[in-house]
Amino acid sequence: MSLSLLESFVTSAPVTLTSTPSELPRHIAIIMDGNRRWAKKRFMPAALGHAIGAKRVKDIVKTCADLGIKHLSLFAFSTENWRRPPEEVNSLMELFMTYLQKEVDSMNANGVRLKVVGDISRFHVALQALIAQAQLQTAHNTTITLNVCANYGGRWDMLQAAQAWQRAHPGQSLQDINEEGLAEYLSTAHSP
């Protein structure tokens, strides 16, 4: 199944389900990488590559939902992406805002629960407000949870989880924490 699913994402071909639903993963994660290289190879601006890549998101979410996959994580903007040229970062932020404004009603109508995972405090306040509104509007949907990992990094997640654990357990030492105890404070604790 995974090969046919990946092929459908790349080629836009229909998915051929070769596994039973019980054999399907509960959670798929995709690193949205290569859009800039794709554009450069075609002598196009990076922003166009990102926009074309973003158009595939709706198809990917629908395909996963149709297959019964309950959680999809899209790694869209890592903490390292801030090092890119400012005009590219700005175009990515504008693209994110545009898609939130354009797609939140469709996500809600199709049962998509949106969770933006990452440190959004560096984003413009207007983008933060759109994220908050979209998450609130889709909070009770159950068809699929779409985690958009934005300004996300594994190190950031571990640090914020340890800090949250410490706030929840005043007077205890970080030496008292274990993997299971930390897991519930990760920003992805809501997904398998």
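Residues numbered from 1 in each chain as written. Predicted model: local features only at pLDDT ≥ 70, side-chain atom pairs only at ≥ 80, totals over all residues. Heavy atoms only, no water.

1. Some details on the sheet that holds strand S4 (residues 144–152)
At step 1: In space, the four strands of this open sheet follow the order S1-S2-S4-S3, with parallel pairing throughout. Edge positions in the sheet fall to strand S1 (27–31) and strand S3 (112–117), since each of these pairs with one other strand and no more. For this sheet the average axis-to-axis angle between neighbouring strands, irrespective of direction, equals 20°.
At step 2: Of the pairings in the sheet, the one linking strand S2 (residues 71–78) to S4 comprises seven bridges and is parallel in character. Of the residues in S4, the one forming a bridge with Phe 77 is Ala 150. (Pairing = 2+ DSSP bridges. Helix = DSSP H or I, 4+ residues; strand = E, 2+ residues; numbered from the N terminus. Axes fitted to C-alpha atoms, helices over the stretch in contact; angles between N-to-C directions.)

2. What to know about the nonpolar core
At step 1: Formed by 29 residues in total, the largest nonpolar core has its most connected members in Leu 72, Phe 96, Leu 114 and Leu 146.
At step 2: Put simply, the parts of the chain that give this core at least two residues each are S1, helix H3 (46–67), S2, helix H4 (86–109), S3, helix H5 (125–138) and S4.
At step 3: When sequence neighbours within four positions are dropped, the list of residues in contact with Leu 72 reads His 27, Ile 28, Ile 30, Ile 60, Val 61, Cys 64, Ile 144, Thr 145, Leu 146 and Asn 147. (Core = buried A, V, L, I, M, F, W, Y, C linked by side-chain atoms within 4.5 Å. Buried < 20%, exposed > 50% of the residue type's maximum accessible area, 1.4 Å probe, protein only. Contact = heavy atoms within 4.5 Å.)

3. Here's the deal with the packing of aromatic side chains
Within a pair of aromatic rings, the relevant descriptors are the distance that separates the centres and the angle that separates the planes.
At step 1: Evaluated as defined, the whole model comprises six aromatic pairs.
At step 2: Ring geometry for Phe 75 against Tyr 152: centres 5.8 Å apart, planes inclined by 65°, an arrangement best described as edge-to-face. In this pair, Phe 75 sits in strand S2 while Tyr 152 sits in strand S4, placing the two residues 77 residues apart along the sequence.
At step 3: Look at Phe 75 and you get partly exposed, because its relative accessible area is 29%. (Phe/Tyr/Trp six-rings, centres within 6.5 Å; stacked < 30°, edge-to-face > 60°.)

4. Concerning the side chain of Asn 141
At step 1: If you trace the backbone, Asn 141 turns up in the loop between H5 and S4.
At step 2: In terms of polar contacts, Asn 141 uses its side chain to reach the side chain of Asn 108, at 3.0 Å.
At step 3: A polar contact is formed between the side chain of Asn 141 and the backbone oxygen of Val 112, at a distance of 2.9 Å.
At step 4: Among residues more than four places away in sequence, those in contact with Asn 141 are Met 107, Asn 108, Gly 111, Val 112 and Arg 113. (Polar contact = N/O pair within 3.5 Å; in protein donor to acceptor, adjacent residues only side chain to side chain.)

5. Some details on the packing of H4 against H5
Two measures define how a pair of helices packs: the angle their axes make with one another and the distance between the axes.
At step 1: Viewed as axis vectors pointing N to C, H4 and H5 meet at an angle of 20°, and their least axial separation amounts to 10 Å. Comparing the axis directions of H4 and H5 gives the class roughly parallel. Crossing angle aside, the handedness with which H4 passes H5 is left-handed. Residues Met 93, Phe 96, Met 97, Leu 100, Gln 101, Val 104, Asp 105, Met 107 and Asn 108 of H4 lie in contact with H5, whose contacting residues are Ala 126, Leu 127, Leu 130, Ile 131, Ala 134, Gln 137 and Thr 138.
At step 2: By residue class, the composition of the contact of H4 with H5 is eleven nonpolar, four polar and one charged. (Parallel < 35°, antiparallel > 145°, perpendicular 65-115°, else oblique. Left-handed = near helix turned anticlockwise from the far one by under 90°. Nonpolar A, V, L, I, M, F, W, Y, C, P; charged D, E, K, R; others polar.)

6. A word on H4
At step 1: When the terminal C-alpha atoms of H4 are compared, their 35 Å separation across 24 residues agrees well with the 34 Å that a helix rising 1.5 Å per residue should span.
At step 2: At Glu 103, H4 is deflected by roughly 50°, the largest bend along its length.
At step 3: Once H4 finishes, Gly 111 follows within two positions and takes phi at roughly 75°, a positive value. (Expected span 1.5 Å × (residues − 1). Bend = angle between axes of the 7 residues up to and from the residue.)

7. Re the confidence of the model for the protein
At step 1: Looking at the protein as a whole, its pLDDT mean stands at 83, while 80% of the residues score no less than 70.
At step 2: Scored below 50 in pLDDT, residues 1–13 shows 23 contacts in the model against residues more than four places distant or in partner chains. (pLDDT = per-residue confidence, 0-100.)

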